[in-house]
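# Working through the structure, step by step
If you want the building blocks of each chain, they are given just below.
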Amino acid sequence: MFHSSHVGLTSYSPCGDPKGAFSLPADYIDAVADVGLEPSLLVGGDPRASLETIDGLLLSGGGDIDPGQYGGEKHETNYMVDPRRDSYEIELTRCALASGLPILAICRGMQILNVATGGTLVAHVPERFGSALEHRAPPREPVVHRVQVPADSRLSLTLATTDLAVMSWHHQAVDRLGTGLRVAATAADGVIEAVEFVQPRSVIAVQWHPELKGADDGRQRRLFAAFAECVQEQRRGRS
Ligand code: MN
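At 2.2 to 2.4 Å from the manganese ion lie its protein donor atoms, namely His135 (ND1), His145 (NE2), Ser168 (OG), His170 (NE2) and Glu193 (OE). Mapped onto the sequence, the donors of the manganese ion take the spacing H-x9-H-x22-S-x1-H-x22-E. Placement of the pair is histidine 145 in strand β6 (residues 143–148) and serine 168 in strand β7 (residues 163–168), with a sequence separation of 23 residues. Each member of the pair, histidine 145 together with serine 168, is buried.

Relative to the helices and strands, arginine 108 resides in helix α4 (residues 108–116). With relative accessibility at 2%, the residue arginine 108 sits in the buried group. A polar side-chain atom of arginine 108 sits 2.9 Å from a polar atom in the side chain of aspartate 86. Excluding its chain neighbours within four sequence positions, the residues that come into contact with arginine 108 are Ser60, Gly61, Gly62, Gly63, Asp64, Ile65, Arg85, Asp86 and Glu89.

What follows concerns the pairing of strand β10 (residues 192–197). Most of β10 sits out of view: six of its six residues are buried. What sits between the antiparallel neighbours strand β9 (residues 181–186) and β10 is a turn of five residues, in which glycine 190 has the positive phi angle 100 degrees. Note that β10 and strand β11 (residues 203–206) share two bridges and pair antiparallel. By the bridge assignment for β11, valine 195 is matched with alanine 205.

About the criteria used
- Residues numbered from 1 in each chain as written.
- Predicted model: local features only at pLDDT ≥ 70, side-chain atom pairs only at ≥ 80, totals over all residues.
- Heavy atoms only, no water.
- Donors = N, O, S within 2.8 Å, 3.2 Å for Na, K, Ca; no water.
- Helix = DSSP H or I, 4+ residues; strand = E, 2+ residues; numbered from the N terminus.
- Buried < 20%, exposed > 50% of the residue type's maximum accessible area, 1.4 Å probe, protein only.
- Polar contact = N/O pair within 3.5 Å; in protein donor to acceptor, adjacent residues only side chain to side chain.
- Contact = heavy atoms within 4.5 Å.
- Pairing = 2+ DSSP bridges.

What follows is the structure, given as structure tokens:
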């Protein structure tokens, strides 16, 4: 009998929504469904219970993480900070890592992964790295830039390249790496654009937005395909 593989996707905070609603751009859902996975939205509750019904976790983008979560200081550019979303996602990530659940972490999701493993964030990228390379267009729009992927990273095998164009849409970045993480991509200005564990291989984390079309789309799909492979493996292990 065929069992579909279920992916739980974290949703945007209702704090940033005019109606106070949970939401998530359809691009995430489409990208996941496109590689044969069954998507469902995670909106909070008990992190352990949330993980019981899924075979993979997609940590989505969104507003800034409360700097208090990593011993940082509030910054004037912080937006859409939601301590409830932060706590839920950090615990969700720790539980998923502990149980070996595959994770695809995107943008804020990669920052959550880093904070959940004890890392810190750069409060505002232009202040540290200058503005020669834009990581987001004003006021808050995506922009295309290239990233370099170390040839000895697992990410370069997944993408089958060491250089690609990405949709960038962030103003914060990974600073000190979380425990066990290593850099898997950087921008020309030095900003960390992807991280990975040596083990497990089932965690993919990128600072850019592979779900958005417009930059090396074929390569971006490889990330979702690799994630789907891990999720389906996890599903087979459960049944
Ligand atoms: Mn960027």
